[in-house]
Amino acid sequence: MFSQRITVSSLVLAACAMTVALTAACQAAPDVGGSTSPGDQAVTSASPTPAPTVASSAADATHDRKPAGAAEPPRPVTPECKAGQLKLSFGEGEGAAAGSNNYALQFTNTGENPCVIVGFPGVSFVAGDQGRQVGKAASRVGAKGPQINLAPGRMASAPVSEADALAFPQNTCRPVPVRGLRVYAPDDTAAEFIPFSGQEVACSELPTSQLSVKTIVAGDGSIN
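Computed from a predicted structure; not experimentally measured.

Novice: Kindly report on the sheet that holds strand β10 (residues 191–203), identifying the contributing residues and their values.
Specialist: Strands sit in the order β5-β4-β9-β10 across an open sheet of four strands; the sheet is antiparallel. The sheet terminates laterally at β5 (132–134) and β10, the two strands that pair on one side only. Across this sheet, the average inter-strand angle for adjacent strands is 45°, counted without regard to direction. Here strand β4 (residues 122–127) runs beside β5; their pairing, made up of three bridges, is antiparallel. For V126, the partnering residue across the bridge sits in β5 and is Q133.

Have a look at this one:
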């Protein structure tokens, strides 16, 4: 009787041990119904994340902006007025005075494009068909003026003063007939000729110039 009771108790303990083992095994078994294992989580976390579109656009905008301190492209430079596009004429200027004749030497832009003119023209008397210079070139009076933008058809002028040749002693002046003036625009090496309307004489032997010229100014040189 005692031996039989021990056997039953042993069976009960064995069954209980087996039940505990099966329960632990069930708890440790993976859920195949869609749960993610730690290994899968590691793979998912390591997968690259695409960069936001906004950040990419901001980078492109920064790339397109001009770098700080970048030099501006050079602006077109208006060329200086040259003989080929300037027409010469005489204006009234300040008129005659005691012992001198004062007039305006006018420069009109006859070209199709604007040009700039600034400073003193070169002026001298010429005689004969060959344009031989008579006397010294005009002396400059006063300061150099500002640059003048001369649009097509517009005029600038330089005041010229011409001392009367007859006011000098004949043996000092030695007057000769002259045809007109040879004129160089400022910074130009090509000369233009402007004739006098009547017969004039100029001193050929004076130690100083018979002519004087002031800086070019805008307008026709008329004195109102």
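Once you've had a look at it, read on.
Novice: Go over the state of the cysteines with me, naming the residues and quoting the values.
Specialist: Across all of its chains, the model carries two disulfides by this definition. There is a disulfide in this structure between C81 and C115, and the S-S distance comes to 2.0 Å. Disulfide C81-C115: the torsion about the S-S bond is 90°, which places it as right-handed. On the criterion of sequence distance, the pair formed by C81 in the loop between α3 (53–64) and β1 (86–97) and C115 in strand β3 (residues 115–117) is long-range, its members being 34 residues apart. Looking at C81, the relative accessible area reads 1%, which means it is buried. C115 sits in the buried class, given a relative accessible area of 0%. Covalent S-S linkage joins C173 and C203, the inter-sulfur distance amounting to 2.0 Å. Here C173 and C203 share a disulfide; its torsion about the S-S bond, -95°, makes the bridge left-handed.

The rules behind the values
- Residues numbered from 1 in each chain as written.
- Predicted model: local features only at pLDDT ≥ 70, side-chain atom pairs only at ≥ 80, totals over all residues.
- Heavy atoms only, no water.
- Pairing = 2+ DSSP bridges.
- Helix = DSSP H or I, 4+ residues; strand = E, 2+ residues; numbered from the N terminus.
- Axes fitted to C-alpha atoms, helices over the stretch in contact; angles between N-to-C directions.
- Disulfide = S-S within 2.5 Å.
- Buried < 20%, exposed > 50% of the residue type's maximum accessible area, 1.4 Å probe, protein only.

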